[in-house]
Amino acid sequence: MTFENLIESMEVSAKKKIDEITKKAHRETDEIRRAAEEKAELFKTEYLTEAQKSVETERNKLIYQAKAKSKMRVIKEKEQVIQSAFIEAKKRLEGFRNDRNYEENFKKMLQETPPALKTERVVLHFHKRDESLCKQVLNELHENSEYVTDLTSLGGLEVSTKDGKIVVFNTIESRLANAEELLRREIFATLYGG
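Engineer: Whenever I open this one, the packing of aromatic side chains confuses me. Can you help?
Structural biologist: Pairs of aromatic rings are described using the distance from one ring centre to the other and the angle between the two planes. A complete count under the given rule lists four aromatic pairs for this structure. On the basis of an interplanar angle of 55 degrees and a centroid distance of 6.0 Å, the ring pair of tyrosine 102 and phenylalanine 106 is categorised as tilted. Highlighted residues: tyrosine 102 and phenylalanine 106, both in helix α2 (residues 102-111), separated by four residues, approximately one helical turn. The class of phenylalanine 106 is buried, set by a relative accessible area of 0%. A connected cluster of aromatic rings, assembled from ring pairs, spans Phe96, Tyr102, Phe106, Phe126 and Tyr147.

Engineer: Teacher, can you tell me more about the nonpolar core here?
Structural biologist: Within soluble globular proteins, side chains that are nonpolar tend to cluster in buried spots. With 17 residues, the main nonpolar core has Phe106, Leu110, Leu124, Cys134, Leu157 and Val159 as its most contacted residues. Counting only elements with at least two residues in this core, the list comes to α2, β1 (122-126), α4 (131-140) and β3 (156-161).

Engineer: Looking at this structure, how should I read α4?
Structural biologist: Within an α-helix, residues lying three or four positions from one another point in the same direction, as the helix has 3.6 residues per turn. Along α4, the positions that sit buried rather than exposed are Glu131, Leu133, Cys134, Val137 and Leu138. Viewed end-on, α4 has its buried residues packed into an arc of 160 degrees, placing them on one side of the element. Residues of α4 that are exposed and point over 90 degrees away from its buried face: Ser132 and Asn139. Count one or two residues on from α4 and you reach histidine 142, which has phi positive near 55 degrees.

Engineer: Hey, could you run me through the pairing of strand β4 (residues 167-171) in this one?
Structural biologist: In regular strands, side chains alternate between the two faces of the sheet. Pairing of β3 with β4, which is carried by five bridges, proceeds in the antiparallel orientation. When the sheet's bridge partners are listed, glycine 156 is paired in β4 with threonine 171. Here β3 folds back onto β4 in antiparallel fashion, the turn holding five residues, of which glycine 164 has a positive phi close to 80 degrees.

Engineer: I tried to follow the sheet that holds β3 on my own but got confused; where do I start?
Structural biologist: Strand pairing in a sheet relies on backbone hydrogen bonds, with the paired strands running either antiparallel or parallel. With mixed pairing, four strands are arranged side by side in an open sheet as β2-β1-β3-β4. Of all strands in the sheet, those bounded by a partner on one side alone are β2 (146-148) and β4. Neighbour-to-neighbour, the strand axes of this sheet turn through a mean angle of 20 degrees, independent of strand direction. The pairing of β1 with β3 spans five bridges and is antiparallel. Bridge assignment links histidine 125 to a residue of β3, and that residue is glutamate 158.

Engineer: How do you make sense of the environment of asparagine 60 when you look at a structure like this?
Structural biologist: Within the fold, asparagine 60 resides in helix α1 (residues 3-93). When the C-alpha atoms of asparagine 60 and glutamate 112 are compared, they prove to be 54 Å apart, with 52 residues separating the residues in sequence. One polar contact links asparagine 60 to arginine 59, side chain to side chain, over a distance of 3.1 Å.

Engineer: Looking at this model, I keep getting lost on the pattern of salt bridges. Mind explaining?
Structural biologist: It is possible for side chains bearing opposite charge to pair when their charged atoms get close. Inspection of every chain in the model, using the stated rule, returns eleven salt bridges. One salt bridge connects arginine 185 with glutamate 181, and the closest N-O pair in it is separated by 3.5 Å. In this pair, arginine 185 and glutamate 181 both sit in helix α5 (residues 172-192), four residues apart, roughly one turn of the helix.

Engineer: Sorry, what's going on with α2 here?
Structural biologist: What α2 keeps buried is the set Tyr102, Phe106, Met109 and Leu110. End-on, the buried residues of α2 take up no more than an arc of 100 degrees, which puts them together on one face.

Cut-offs and rules
- Residues numbered from 1 in each chain as written.
- Predicted model: local features only at pLDDT ≥ 70, side-chain atom pairs only at ≥ 80, totals over all residues.
- Heavy atoms only, no water.
- Phe/Tyr/Trp six-rings, centres within 6.5 Å; stacked < 30°, edge-to-face > 60°.
- Helix = DSSP H or I, 4+ residues; strand = E, 2+ residues; numbered from the N terminus.
- Buried < 20%, exposed > 50% of the residue type's maximum accessible area, 1.4 Å probe, protein only.
- Core = buried A, V, L, I, M, F, W, Y, C linked by side-chain atoms within 4.5 Å.
- Arc of directions from axis to C-beta.
- Pairing = 2+ DSSP bridges.
- Axes fitted to C-alpha atoms, helices over the stretch in contact; angles between N-to-C directions.
- Polar contact = N/O pair within 3.5 Å; in protein donor to acceptor, adjacent residues only side chain to side chain.
- Salt bridge = Lys/Arg side-chain N within 4 Å of Asp/Glu carboxyl O.

So this is what it looks like as structure tokens:
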């Protein structure tokens, strides 16, 4: 083999080796690219899943806050309506004593004394303006209860045991307060299903 043949043979061999190295490098590059794309796709999927969870959580939070805000607004408006209604009712009831049915209503209020108190000696508490009416009703009912004109009220009375341990409130104000409490419970039950 001549020197030229040897060089040519070395060049061919080197070219083959270069081609093999180049092919191997391309295969490895393709493999690395494929692995990187798969990894990128996996990261992308995980990121999107996390992003969707985050968006869903934020969405639910905003919906909850909006519902709570709306519910509070409704409660506040209903509270204002209730307050206005009871303020108006109290204004109208200021003239309750002057109503032509007051005598009959006062008599009913006195008769509503709980049965448990009827066996005891009781003290009637009422406004000074109702003294003559109370005496008249007590005479009609053949009662001789003790009474005191120590109550400041729009009308009605309170009944207590002599020792003051039991007191029954039956005034216009106490009835109005009871009505307001019942109305508030109804509204609460309607709003919260209780």
